[in-house]
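Breakdown of the fold
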Amino acid sequence: MNAVIATSIFSVFMMGTVGLGLLAVRGRGGGTGGLAEWSVGGRSLGAVFIWVLMAGESYTSFSYLGAAGWGYNYGAPVLYVVAYMSCGYAVGYVVGPMLWAYARRHDLVGITDILAHRFGRPWLGALVAVLATVFLLPYIQLQITGMGVVVSTISYGAISLDWAYFISFAVTTGFVVVSGLRGSAWVSVLKDVLVIGTLGFLAVYVPLHYFDGYGPLLDRLVAGKREWLTLPGHQSGQGASGLGTAWFITTSLLNALTVVIFPTTVAGYLGARDADALRRNAIWLPAYNVLLFVPMLLGMAALFVVPGLTGADSNLALFKLVVDSLPAWAVGIIGVAAALSSIVPMAVFMLVIGTMWGRSVLSLVPRWRAREKGAAQVVVVAAGAIALVLTYMAPNTLVRLSLISYEGMAQLLPMMLLGLVWRRFTLIGGLSGLAVGVGAVCGLVFTGHDPVWGVNAGIVALAANLLVALAVTYVGRRGRLPDGDGDGAGDGDVLAHDPVGPGVSGAPGASGSSGGASDTPGP
């Protein structure tokens, strides 16, 4: 009976999610709208939708499973997630509006588009699309796995993991193909209501139910699990952690810089109605991070309630408390919140991969050039199917790739940011640094040297990347850059700046001496 109640609630909400996605695109072209409408919401999302969308991208199933699991296994090191997100929002306050203005001015829809335009080389967009896909596929697989675990758990085992994986793939793929970024933003509203409500409830209920309040819980943590409350966290004595102060600082720094050029983040930027919406969003988003403390702390609380969890089972620390102590209807609602925390980011990951390939790879084939959106939707299904098949057949393949996902994506930072603010930065310099950086990341991570010398291996690779890129740029040809848009001088100051102020930054055609928000009306 518990399984029937919980799965019925889950099924109703999943059907409602697909329906909400369809409603979001009604009257906006639906299935006939162009690539910009599908991939970046027609560049018309306001501050509220951008806030819930970008919060949805950062608040994934990791927040219910991984954050609790890290809290259970290590303790304090998991706080790096809060640190890097908060710092990343501060960086995004500056970078987000700049990328938005540059992309709007030239009708660009993603990072591959931006890089291809900046260096005047369409093949560069295709190269970056392939590289970014390798780094993004593990995130799709992790969300499929996370949602599958949630569905199987809240069904009290009635739904097997294999079927749960397929359900997560089918719901997300159907949803994103039809509704695109706008649908993800609408569903994010539902997700946020449920996430805030369920985590707020659990933050009060679990300490009271199991420990008679926060005071006794914290007393037990200090008395019995003191090593979980300081860096480098639990297990450092056995050499299994290495997550000390240097690792915490370098990981937070690297991720804070990387998150602003992550393809899914840039998709959120480009969907904004105006640049001021992004600035307000950067101010509001850190408040959402307060929610992350709940699963982290409750993961440590589970040490006393369900001790002895090892391996992947530790990620279920929070849900074991939920299933053990709450009625089936409450388990179902909390499961829906966790499932939507997988669906929203997974949808955006799949959408971004489809957009990159539709615009930068398949468009190089003449017969596909006029059907960019259709090509992108085909790639969405293919990307999801590949992640699903590998989840069944070779789960460790993508798990190993996930080790280098964020650190690998960080190697695009010099080309993406330095290349856009420094006009003399050369393509050969950027590619040389990228090759060195990606090679260093793979070498360090796959040989077990992450952290290396106590610091994040990705930041060591990024330093080598930057040094090589600068050296090659300085010694190589420093002539005029290829024109990205035929205006004879690239983009003037390359990275577009926009005036600050309501009604200015979002107005098509409003431009200042530094380039303005838009030289031509947006799509």
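Residues numbered from 1 in each chain as written. Predicted model: local features only at pLDDT ≥ 70, side-chain atom pairs only at ≥ 80, totals over all residues. Heavy atoms only, no water.

A closer look at the overall build of the protein
When helices and strands are counted, the protein shows 22 helices and 0 strands. Taken across its 523 residues, the protein has 57% of its residues classed as buried. Across the protein, contacts joining residues at least 24 apart in sequence account for 81% of those joining residues at least 6 apart. (Helix = DSSP H or I, 4+ residues; strand = E, 2+ residues; numbered from the N terminus. Buried < 20%, exposed > 50% of the residue type's maximum accessible area, 1.4 Å probe, protein only. Contact = heavy atoms within 4.5 Å.)

Re unusual backbone geometry
A negative phi holds for most residues other than glycine; trans holds for most peptide bonds. Here L231 and P232 are connected by a cis peptide whose omega angle stands at 5 degrees. Residue position: P232 is located in the loop between α10 (214–224) and α11 (245–258). Each neighbour pair has its own omega, and for D450 with P451 the value is 5 degrees, a cis peptide bond. Phi is positive for D107, which is not a glycine, with a value near 55 degrees. Classification of D107 as partly exposed rests on a relative accessible area of 36%.

Quick notes on a nonpolar patch on the surface
A surface patch of nonpolar side chains, about 490 Å² in accessible area, is lined by V48, Y93, V94, I283 and W284. Where the nonpolar patch is concerned, the elements lending two or more residues are α6 (80–106) and α13 (275–288). Mapped onto the elements of the fold, V94 is located in helix α6. Classification of V94 as partly exposed rests on a relative accessible area of 46%. (Patch = residues over 30% accessible without salt bridge, like charges linked within 9 Å, V, L, I, M, F, W, Y side chains within 5 Å. Areas by Shrake-Rupley, 256 points an atom, 1.4 Å probe, with all protein chains shown as cover. Salt bridge = Lys/Arg side-chain N within 4 Å of Asp/Glu carboxyl O.)

Observations concerning the side chain of D274
Tracing the backbone shows D274 in the loop between α12 (263–270) and α13. Here D274 occupies a buried position and makes no salt bridge, while the nearest side chain of opposite charge, R280, is found at 4.3 Å. Separated by 3.2 Å, the side chain of D274 and the backbone nitrogen of D276 make a polar contact. Looking at D274, its side chain comes within polar contact range of the main-chain nitrogen of A277, at 2.8 Å. (Lys, Arg positive; Asp, Glu negative; His and termini not counted. Polar contact = N/O pair within 3.5 Å; in protein donor to acceptor, adjacent residues only side chain to side chain.)

Observations concerning helix α5 (residues 66–73)
Most of α5 is tucked away, with 7 of its 8 residues classed as buried. Buried residues of α5: G66, A67, A68, G69, G71, Y72 and N73, and no others. Of the surrounding secondary structure, the elements contacted by the buried residues of α5 are α4 (61–64), α14 (293–305) and α15 (317–325). Two residues or fewer past α5, G75 is found with a positive phi of approximately 90 degrees.

A few points about the packing of aromatic side chains
Tallied over the full model, the rule gives 17 aromatic pairs. With a centroid separation of 6.0 Å and 25 degrees between ring planes, the pair formed by Y80 and Y84 is classed as stacked. Here Y80 and its partner Y84 are both found in helix α6, 4 residues apart, which amounts to about one turn of the helix. Note on Y84: relative accessible area 10%, which makes it buried. By the ring-pair criterion, three or more aromatic residues cluster together here, those being W70, Y74, Y80, Y84, Y139, W247, F262, F349 and Y406. Its end group placed over the ring of F119, R118 keeps NZ or CZ at 4.3 Å from the ring centre. (Phe/Tyr/Trp six-rings, centres within 6.5 Å; stacked < 30°, edge-to-face > 60°. Lys NZ or Arg CZ within 6 Å of the ring centre and 35° of its normal.)

Here we look at the pattern of salt bridges
Oppositely charged side chains can pair when the atoms bearing their charge come close. In the structure shown here, the tally under the stated rule is 3 salt bridges. In this structure, K191 engages D192 in a salt bridge whose closest nitrogen and oxygen atoms are separated by 2.8 Å. Considered together, K191 and D192 belong to a single accessibility category, that of buried residues.

Details of the environment of Y156
Summarising the element assignment, Y156 is placed in the loop between α8 (122–154) and α9 (161–211). Of the residues examined, Y156 reaches a relative accessible area of 31% and is grouped as partly exposed. It is 9.9 Å that separates the C-alpha atoms of Y156 and M1, two residues lying 155 residues apart in sequence. If we ignore the near neighbours within four places in the chain, the residues touching Y156 are N2, A3, A6, V323, L326, P327, A328 and V331.

Quick word on the packing of α14 against α15
Close contact between α14 and α15 brings their axes to 8 Å; oriented N to C, the two are set at 70 degrees. As far as their axial angle goes, α15 and α14 are roughly perpendicular. The handedness of the crossing between α14 and α15 is left-handed. Residues P295, L298, A302 and V305 of α14 touch α15, and the partners they reach there are A317, L318 and L321. Grouping the amino acids of the contact of α14 with α15 by side-chain chemistry returns 7 nonpolar, no polar and no charged. (Axes fitted to C-alpha atoms, helices over the stretch in contact; angles between N-to-C directions. Parallel < 35°, antiparallel > 145°, perpendicular 65-115°, else oblique. Left-handed = near helix turned anticlockwise from the far one by under 90°. Nonpolar A, V, L, I, M, F, W, Y, C, P; charged D, E, K, R; others polar.)

Points about the environment of L65
Residue placement: L65 occurs in the loop between α4 and α5. The buried category is assigned to L65, whose relative accessible area is 7%.

Quick notes on the confidence of the model for the protein
Summing up the model confidence of the protein, the mean pLDDT is 82 and the portion of residues at 70 or higher is 83%. In the predicted structure, residues 496–523 sits below a pLDDT of 50 and forms 69 contacts with residues beyond four places in sequence or in another chain. (pLDDT = per-residue confidence, 0-100.)

Some thoughts on the packing of helix α20 (residues 413–421) against helix α22 (residues 457–475)
Relative orientation of the contacting elements α20 and α22 amounts to 50 degrees, with a least axis distance of 10 Å. In terms of orientation, α20 and α22 fall into the oblique class. Two packed elements cross with a definite hand, and for α20 against α22 that hand is right-handed. Contact residues: α20 offers L413, P414 and L418, while α22 offers L462, N465, L466 and L470. A class-by-class count of the residues in the contact of α20 with α22 yields 6 nonpolar, 1 polar and no charged.

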